[in-house]
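Secondary and tertiary structure notes
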Amino acid sequence: MEVEEAIKNRRSVRSYLDKPVEDEKIAQILEAARWAPSAGNLQCVEYIVVKNPETKKALCKASYGQEYIKEAPVCVIVCCNMDKISHYGQRGVDVYSIQESGAAVENMMLEAYALGLGTCWIGAFNEGEVRKILNIPKHVRPVAIITLGYPNEKPISTRRELKDIVFFETYKGK
Ligand SMILES: Cc1cc2nc3c(=O)[nH]c(=O)nc-3n(C[C@H](O)[C@H](O)[C@H](O)COP(=O)(O)O)c2cc1C
């Protein structure tokens, strides 16, 4: 599949078929994440793969009741290990960690799309609760939950026009 096709046609999927995701496909998706850019190649991003229905139920509650977390056969919790990125001081912890995780998430979502799977990026959750549920230590920050499964919907989405978001030479420069 062409990269451009995946970039343009991937959509956030919030309804999934009751069909398991093959372990090989999960591995391929995590492999795609592993090859994302990494600040200083320190590779601070870590992943927790969850299939257990009870755990997904708890994650759903911690995510303010976003129901499709329970429906998705797999959730991947994307975490940043701050011990690894703290080499870059506060900027590493505050900025690089989030940027690196985001790059990994996008790779995951595009790879999943290419494999015929749907994903949704979930950022709205109570971090403290997610930590407790998954036994995540203090130096590791859960930054995103990615739901994964065979799609049961084909959502559409819109984007702002390039002319409204791209400036030249200075902010708002034409
Ligand atoms: C940082 C971030 C956090 C997000 N958090 C949520 C979320 O908590 N729940 C949700 O349903 N979608 C969430 N999304 C998905 C966006 O709503 C979605 O990407 C956007 O509406 C554009 O739709 P598309 O992905 O289908 O193009 C999040 C996306 C990003 C990038």
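No experiment lies behind these values; they were computed from the predicted model shown.

On to the overall build of the chain. On a plain count of helices and strands, the chain comes out with eight helices and four strands. Scanning the chain from its N terminus toward the C terminus, one meets helices and strands in the order α-α-β-α-α-β-α-α-β-α-β-α. Taking 16 Å as the expected radius of gyration for a compact globule of 174 residues, we find that the chain reaches 17 Å, a close match to that expectation. On the principal axes, the C-alpha backbone points of the chain span a range of 50 × 40 × 30 Å. In the chain, which comprises 174 residues, the share counted as buried stands at 40%. The contacts of the chain with a sequence gap of at least 6 include a subset with a gap of at least 24, amounting to 79%. Entry remark: accessible area of the chain is about 10,400 Å², with carbon and sulfur atoms responsible for 52%.

The next subject is the site of the ligand. Surrounding the ligand, one finds 13 residues, the nearest of these being S12, R14, Q66, Y68 and W121. One of the side-chain nitrogen or oxygen atoms of R10 is found 3.0 Å away from an oxygen atom of the ligand. Taking A124, its main chain carries an N or O atom lying 3.1 Å from an oxygen atom of the ligand. Burial of the ligand by the surrounding chains reaches 63%, relative to a free accessible area of 620 Å². Here the shell around the ligand gets three residues from one element, more than from any other, and that element is strand β3 (residues 118–122).

Counted by the stated rule, this structure contains two aromatic pairs. Between the aromatic rings of Y88 and Y96, the centroid separation amounts to 5.3 Å while the plane-to-plane angle is 70°, which identifies the pairing as edge-to-face. Between F167 and Y171, the ring centres sit 4.7 Å apart and the planes meet at 75°, which makes this aromatic pair edge-to-face. Residue class for Y171 comes out exposed when judged on its relative accessible area of 66%. One cation-aromatic arrangement involves K19 over Y150; the distance from NZ or CZ to the ring centre is 4.0 Å.

Close contact between helix α2 (residues 23–34) and helix α6 (residues 89–114) brings their axes to 7 Å; oriented N to C, the two are set at 145°. α6 is crossed by α2, and the crossing has right-handed handedness. Residues Q28, I29, L30, A32 and A33 of α2 pack against A104, N107, M108, E111 and A112 of α6. Class assignment for the residues of the contact of α2 with α6 results in seven nonpolar, two polar and one charged.

Attention now moves to the environment of A62. Structurally, the position occupied by A62 is in helix α3 (residues 53–62). On the basis of relative accessibility, which here comes to 1%, the residue A62 falls in the buried class. It is 29 Å that separates the C-alpha atoms of A62 and N9, two residues lying 53 residues apart in sequence. Residue contacts for A62: discarding those within four places in its chain leaves F125, N126, E129, V130 and I133.

Rules behind the numbers
- Residue numbers restart at each chain and count upward from 1, following the sequence in its written direction.
- Only residues with pLDDT of at least 70 get local features here, since the model is predicted, and only at 80 or more are side-chain atom pairs given and counted; chain-wide, interface and lining totals rely on the full set of residues.
- Processing note: side-chain calculations cover all non-hydrogen atoms of the structure and skip hydrogens and water entirely.
- Note on conventions: DSSP H or I runs of at least 4 residues are helices, E runs of at least 2 residues are strands, and numbering of each starts at the N terminus.
- To get the radius of gyration, use the C-alpha atoms; to get the globule rule, take the number of residues to the power 0.38 and multiply by 2.2 Å.
- Working definition: with a 1.4 Å probe on protein chains only, accessible area under 20% of the residue-type maximum means buried, over 50% means exposed, and in between means partly exposed.
- Only heavy atoms enter the contact rule, under which two residues are in contact if any of them lie within 4.5 Å.
- Computed with a 1.4 Å probe, the accessible areas rest on the Shrake-Rupley method; for each residue, only the protein chains presented here act as cover.
- Summary of the distance rule: residues count as near a molecule or strand when at least one heavy atom falls within 4 Å of that molecule or strand.
- We call two N or O atoms a polar contact when they sit within 3.5 Å, provided that within protein one can donate a hydrogen and the other can accept it, with sequence-adjacent residues counted only if both atoms are side-chain atoms.
- Here the aromatic set is Phe, Tyr and Trp, taking the six-membered ring for Trp, and pairing holds for ring centres within 6.5 Å; pairs whose planes are under 30 degrees apart are stacked, those over 60 apart are edge-to-face, and all others are tilted.
- Placement of a charge over a ring requires the Lys NZ or Arg CZ to be within 6 Å of the ring centre, with the centre-to-atom vector within 35 degrees of the ring normal.
- Angular values range over 0 to 180 degrees, each being the angle between N-to-C directions of two axes fitted as lines to C-alpha atoms, with helices fitted over their stretch in contact.
- Here is the rule for handedness: rotate from the far helix to the near one, and if that takes an anticlockwise turn smaller than a right angle the crossing is left-handed, while a clockwise turn gives right-handed.
- Each residue gets one label: Ala, Val, Leu, Ile, Met, Phe, Trp, Tyr, Cys and Pro are nonpolar, Asp, Glu, Lys and Arg are charged, and the others, such as Gly, are polar.

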